[in-house]
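Below, each chain spelled out in residue letters.
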Amino acid sequence: MFLKIGVIGTGAIGQDHIRRITNNLTGAKIVAVTDVNAEQAKAIVQKENLDAKVYENGHDVINATEVDAVIVTSWGPTHEEFVLASIAAGKPVFCEKPLATTAEGCKKIVDAEIAYGKPLVQVGFMRRYDKGYRALKKVVDHDKIGEPLMVHCAHRAPSAPGFSGDMALTDSFVHEIDVLRWLLNDEYVSAQVILPRNTRLVDKALQDPHIVLLETKQGIRIDTEIFVNCQYGYDIQCQIVGETGIANLPEPSSVVLRSEAKLSTDILVDWKDRFIDSYDVELQEWINSTLKGEMNGPSAWDGYVVAVTADACVEAKHTGQIVPISIPECPSFYKKDFTLV
Ligand code: NAP
C-alpha cells in the first residue's frame, strides 16, 4: 500500500523531500505537485521521472482525489492557508516550519484540528529525528546525568543569504526552541536576548550574532549563541549540564586525519548535509504513521508553542527586557509523553 502524496512548493526543500520520498524511502509516492513557478514543478517531475500531475495551485493539489496526504514546502506565509485547507479536506498534512508566521495563525490551525477531531498535522522539526539528539535525549530520560540544570547551545551557519530583520530568531533559532523543550520535557517561562558586538562581515542593518537566554518552568537556564554568518562552517552544539554529569550532542562523524603535522577533521558547511539522515527518518516515520492513520511527530501544538516563544524572543531583542512566556495548558488532544524508550 502506498501513501499518495501531493507536494505544494518545489523549491529547495520541496525538491529535496520529493527526491528522498522517490529514491530513498518506502511506502509512498508523489502523485501531484504545484509551485507558483510552474516550470520548476514540471522540471522536478521530469528530473525524478514522477508519475505525477502538475496542478495550478495548492488548493487543487489538496482537493485532488488521487492525493491521500499533503506536504507543504512553499514559502512560509502560505503555510497557514494550505494547512487549514488540508484539515478542511480531512487530509493528513506535513508542513515545513513555520506552521504559520504568527502565533495567532498557529492557534487557528490548532483550533481547526481539534474541531475536526483527529490529529492531521505534523510540523517539520527534523532535529527530533537526528541520531545525535535522540542519543542525547536518552541520556537525559534515563537519568544518566541527574536532573538537567543548564544547557549551552550554539547555532552557527557560514552565511545566511536572504536573511533580514529577526530571521536569525524566527527562521534559525526556532529549531532550538522546538528541540530543547522536547529534550528537556519542559516548557519555557521567559526569554532574554543579548546583542554582542556585530560581525563586520554583514550589512550593518542585520544583527549577528545573538545570545538568547531561556528559562524553563523547572528553572533550567539555556543559553544559545546564534551566529548565522560565522564563515567557518555549519556547526550545531548542545551541552546539557546535569547534577552528576555533562552530556554533549555528538559531532557528525568525520575522518580524523593525521597528515602534514596536523590532526584534523572536516566541519560541514551545509545544513542539508548535517541533517540529511534526520529528514529521511522524519519523513519515513511520517509516512509509516500516516498509513496507520496515526500522527506521532511534532504537532500543530508544538508549532504554536514555538511561535509563541519566538515572538517573546523577538520582543526581548527589541526591548532589551526579560519577556515572560505564557504558554497555555496543552489541550488533552495533544498531550503526549516525550520520553524515549
Ligand atoms: P524556496 O526554495 O524559496 O522554495 C519555496 C517554493 O515555494 C518556491 O519555489 C516558491 O516559488 C514556492 N511558492 C511560494 N508560494 C507558493 C504558493 N502559493 N503555491 C505554491 N508554491 C509556492 O524555500 P525553501 O528553502 O525550500 O523553504 C520552504 C519552506 O521550508 C520555508 O518555510 C522554510 O522555512 C522551510 N525549510 C525548513 C527547513 C528545515 O530544516 N526544516 C529547511 C529549509 C526550509 P517562488 O520561488 O517562485 O516564489
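Values in this document were obtained by computation on a predicted structure and should not be read as measured data. (Residues numbered from 1 in each chain as written. Predicted model: local features only at pLDDT ≥ 70, side-chain atom pairs only at ≥ 80, totals over all residues. Heavy atoms only, no water.)

### Observations regarding the UniProt feature "domain: Gfo/Idh/MocA-like oxidoreductase N-terminal" (unreviewed entry) in the chain
When the UniProt feature table is mapped to this numbering, "domain: Gfo/Idh/MocA-like oxidoreductase N-terminal" (unreviewed entry) covers residues 3-125. Taken as a whole, residues 3-125 contains 42% helix and 20% strand, while its terminal C-alpha atoms sit 21 Å from one another. (UniProt positions renumbered as here; feature names shortened; annotations may be inferred. Helix = DSSP H or I, 4+ residues; strand = E, 2+ residues; numbered from the N terminus.)

### A word on the nonpolar core
Tyr 133 and Cys 238 are the most contacted members of the largest nonpolar core, which totals 80 residues. Looking at which element gives the most residues to this core, the answer is helix α10 (residues 300-319), with 12 residues. Those residues in contact with Tyr 133 that lie beyond four places of it in its chain are Arg 127, Val 179, Trp 182, Leu 183, Ile 236, Cys 238, Leu 249 and Phe 275. Listed in part, the 21 residues of the second largest apolar core include Ala 28, Val 45, Ile 71 and Leu 283. (Core = buried A, V, L, I, M, F, W, Y, C linked by side-chain atoms within 4.5 Å. Buried < 20%, exposed > 50% of the residue type's maximum accessible area, 1.4 Å probe, protein only. Contact = heavy atoms within 4.5 Å.)

### So, the site of the ligand
Residues in contact with the ligand amount to 24 residues; listed here are only the nearest, Ile 13, Asp 35, Gln 40, Glu 96 and Tyr 279. In this structure, Glu 96 approaches the ligand through a side-chain N or O atom, which is 2.8 Å from a nitrogen atom. His 175 is positioned such that a nitrogen or oxygen atom in its side chain is 3.5 Å from an oxygen atom of the ligand. Summarising the interface, the protein chains cover 73% of the accessible area of the ligand, which totals 900 Å² for the free molecule. (Near = heavy atom within 4 Å. Polar contact = N/O pair within 3.5 Å; in protein donor to acceptor, adjacent residues only side chain to side chain. Areas by Shrake-Rupley, 256 points an atom, 1.4 Å probe, with all protein chains shown as cover.)

### Describing the pairing of strand β9 (residues 210-216)
Remember that side chains alternate between the two faces of the sheet whenever the strand is regular. In β9, alternate side chains face the same way, and those of His 210, Val 212, Leu 214 and Thr 216 are buried while those of Ile 211, Leu 213 and Glu 215 on the opposite face are not. In the sheet, strand β8 (residues 188-194) pairs with β9 via 6 bridges, with the strands oriented antiparallel. Within the sheet, the bridge partner assigned to Ile 194 lies in β9 and is Ile 211. The pairing of β9 with strand β10 (residues 221-227) spans 6 bridges and is antiparallel. Each residue of the ladder has a partner; that of Val 212, found in β10, is Thr 224. Counting the residues that bridge the hairpin from β9 to β10 gives 4 residues, and of these Gly 219 lies at a positive phi of roughly 90°. (Pairing = 2+ DSSP bridges.)

### Things to note about the environment of Lys 108
For Lys 108, the location among the structural elements is in helix α5 (residues 103-116). For Lys 108 and Gly 233, which are 125 residues apart along the polypeptide, the C-alpha to C-alpha distance reads 38 Å. If sequence neighbours within four positions are ignored, Lys 108 has contacts with Glu 80 and Leu 84.

### Brief notes about the sheet that holds strand β5 (residues 93-95)
With parallel pairing, the 6 strands of this open sheet are ordered in space as β3-β2-β1-β4-β5-β6. The sheet terminates laterally at β3 (53-54) and β6 (121-123), the two strands that pair on one side only. Where β5 and β6 come together, 3 bridges link them in parallel fashion. Counterpart to Cys 95 in the pairing with β6 is Val 123.

### Some words on the environment of Tyr 232
Along the polypeptide, Tyr 232 turns up in the loop between β10 and β11 (235-242). Residue classification places Tyr 232 among the partly exposed residues on the basis of a relative accessible area of 38%. Distance from Tyr 232 to Met 126, taken between C-alpha atoms, is 23 Å for residues 106 residues apart in sequence. Not counting chain neighbours up to four residues away, the residues in contact with Tyr 232 comprise Arg 156, Ile 267 and Val 269. A polar contact is formed between the side chain of Tyr 232 and the side chain of Arg 156, at a distance of 2.9 Å.

### Examining the UniProt feature "domain: Gfo/Idh/MocA-like oxidoreductase C-terminal" (unreviewed entry) in the chain
The UniProt record annotates "domain: Gfo/Idh/MocA-like oxidoreductase C-terminal" (unreviewed entry) at residues 137-324. Note that residues 137-324 is 34% helix and 26% strand, and that its end C-alpha atoms are spaced 26 Å apart.

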